[in-house]
Structures are given as structure tokens and as C-alpha cells.
Amino acid sequence: MTRKQRSIGGPDLQDWSALAVAVAERQDRDSFMRIYDHFAPRLRRYLLNLGASQSLADELVQETLLALWRKASLFDPSRATLNAWLYRIARNLHIDQARREPYWRPIQEGLEQLDLAETDRHDSQPEDYVDGRALEQAIDRLPVMQARLVRMSYLEAKSHGEIARELDMPLGSVKSTLRRAFTRLRAAMDPP
């Protein structure tokens, strides 16, 4: 099976976990390459949307997937999906890289002020959800279009404009559909 064939369709959440377990237990190269082929371009897009340069994004994708190869035994499918685990590693590597930059201190102070302002907001952000599996299940219960837009926006790191172009939807419809989706997600994820 070629890399291109492996990436078409792709495994479901259970299969990704099984592939990660195969990497952890047997250092299975085929399983690793299937994960790599699927997640590398998505992680790169995500990092570019976080503001990484193209070369830094490429480097961080390599580091993220190298971390999977070296530390696959730390992945626990009962605690998070492979998707959430890899994105968290990539995000943390990006933050670590940013903190090494000389301009980090003033930016960090500004971010802390934004964090204080954000505590008053009542709309939810994907990072607010610690339980990746519960979030995936909540997304699966959304209407089909809302679920698709949430996945494209937050899991594939596509901009609202990219989604609108790809689905041939008005930009306002993309934004309003995502707002409705997050209202439903918040209601599903908030404890009663």
C-alpha cells in the first residue's frame, strides 16, 4: 500500500489509537508512516495558523512526530484521542519555541492580560475542554454540517475563509454555523 493510498479515507479514532499502540509496543514503522502521512500536513497547517514560519512549522512537525516515535508508550487512548495528543505536543513545542525568543517577555505579559479579560467571556474555546474523548463524542452528536465545520476549523486548523471557499458557503454562514455549534458543544460539555 502506498502512502497516498494509506492517507485516503484514513482510519477512524479507534484505528489511530491502535496504530499508536503498535508504534509503542513494536516500533511498527508502517503504523508510524500511516500516522505521519495523515497528521504531518494537518499539524503543519495548525502551526502556520498559530503564527509559525514555514520553516519553523516544518521543524515542529518533525519534532512532534519524532516525539510520537520516541514516546508512544506515554499515549493513553483512554485519556485522549491521538489527534488531541499530537496537537497538544505541537502546541507545546510551539510555545516552548516562542518562549526562547528574546521578545517573549513583553508578549507573555500581554497574553496574561488577555487571559484575565478572557475569563469574563462566556463562549467556549476548544482548549477549554480537557477530555478529548468527550469532546469528540459531543462533536459527533452535532448536526452533520456543524460537526464538519468544527472539525475543519479546529482539528484541521482551516481558517473560516478557507472553509467557505472549500464548501462554497458564504463566510457569514460559516461563522454563524460555528457559533451555533459551539453553543451546543458548551451545553453538552458543561456539567449540569
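Here, the structure is the one placed above.
Residue numbers here run from 1 along each chain, matching the order of that chain's written sequence. Per-residue local features are limited, in this predicted model, to residues with pLDDT of at least 70; the limit for side-chain atom pairs, both in listing and counting, is 80 or more; totals at the level of whole chains, interfaces and linings are taken over all residues. Side-chain numbers come from the whole structure's heavy atoms, not from hydrogens or water.

K.L.:
When you look at the packing of helix α4 (residues 54-71) against helix α5 (residues 82-100) in this model, what are you seeing that I'm missing?
P.N.:
In a pair of packed helices, the angle between the axes and the distance between the axes together describe the arrangement. To get an axis, fit a line to the C-alpha atoms, keeping to the stretch in contact for a helix; angles then go from 0 to 180 degrees between the N-to-C directions. Going along the chain from the N terminus, every DSSP run of H or I of four or more residues is numbered as a helix, and every run of E of two or more is numbered as a strand. Direction vectors running N to C along α4 and α5 enclose 125 degrees, while the axes themselves pass 9 Å from each other. The orientation of α4 relative to α5 falls into the category oblique. Here α4 runs over α5; the crossing is right-handed. Contact residues: Leu56, Leu60, Glu63, Thr64, Leu65, Ala67, Leu68 and Lys71 in α4; Leu82, Trp85, Leu86, Ile89, Ala90, Leu93, His94 and Gln97 in α5. Oblique is the label for any angle not covered by the other classes, which are roughly parallel (under 35 degrees), roughly antiparallel (over 145) and roughly perpendicular (65 to 115). By convention the crossing between two helices is left-handed if the near helix lies anticlockwise of the far one by an angle smaller than a right angle, and right-handed if it lies clockwise. Any two residues having at least one pair of non-hydrogen atoms within 4.5 Å are treated as being in contact.

K.L.:
Would you mind going over a positive patch on the surface with me for this structure?
P.N.:
Among the surface-exposed residues, Lys175, Arg179, Arg180 and Arg184 lie close enough to one another that they form a single positively charged patch. Within the secondary structure layout, Arg184 lies in helix α10 (residues 171-189). Only protein chains enter the area calculation, which uses a 1.4 Å probe; residues under 20% of their type maximum are buried, those over 50% are exposed, and those in between are partly exposed. On the basis of relative accessible area, Arg184 is assigned to the partly exposed category, the value being 45%. Within this analysis, patches are made of residues with over 30% relative accessible area and no salt bridge. Like charges are joined at 9 Å or less; nonpolar side chains (Val, Leu, Ile, Met, Phe, Trp, Tyr) at 5 Å or less. Here, Shrake-Rupley sampling with a 1.4 Å probe gives the accessible areas, and only protein chains in the shown set may cover a residue. Definition used for salt bridges: Asp or Glu carboxyl oxygen within 4 Å of a side-chain nitrogen of Lys or Arg. Positive charges come from Lys and Arg alone, negative charges from Asp and Glu alone, with His and the N- and C-terminal ends not counted. Charge positions are represented by NZ for Lys, CZ for Arg, CG for Asp and CD for Glu.

K.L.:
Is there a simple way to explain the nonpolar core in this structure?
P.N.:
Side chains of nonpolar character tend, in soluble globular proteins, to be buried together. Among buried residues, those of type Ala, Val, Leu, Ile, Met, Phe, Trp, Tyr and Cys that are joined through side-chain atoms within 4.5 Å constitute a nonpolar core. Ile35, Leu65, Leu68, Leu82 and Leu86 are the most contacted members of the largest nonpolar core, which has 31 residues in total. In this structure, Leu86 is in contact with Ile35, Phe39, Leu43, Thr64, Leu65 and Leu68, ignoring residues within four places of it in sequence. If you look at the next biggest cluster of nonpolar residues, it comprises 19 residues, including Ala147, Met152, Ala164 and Ala181.

K.L.:
Would you explain helix α9 (residues 160-167) in this entry?
P.N.:
An α-helix turns once per 3.6 residues; consequently, residues spaced three or four apart project the same way. When we look at burial in α9, the residues that qualify are Ile163, Ala164 and Leu167. What you see down the axis of α9 is that its buried residues fit within an arc of 100 degrees, all on one side. Contact partners of the buried residues in α9: α8 (144-155) and α10. Backbone geometry just downstream of α9 places Asp168 in the positive-phi region, at approximately 55 degrees. An arc is given here, and it is the one of the directions from the helix axis to the C-beta atoms.

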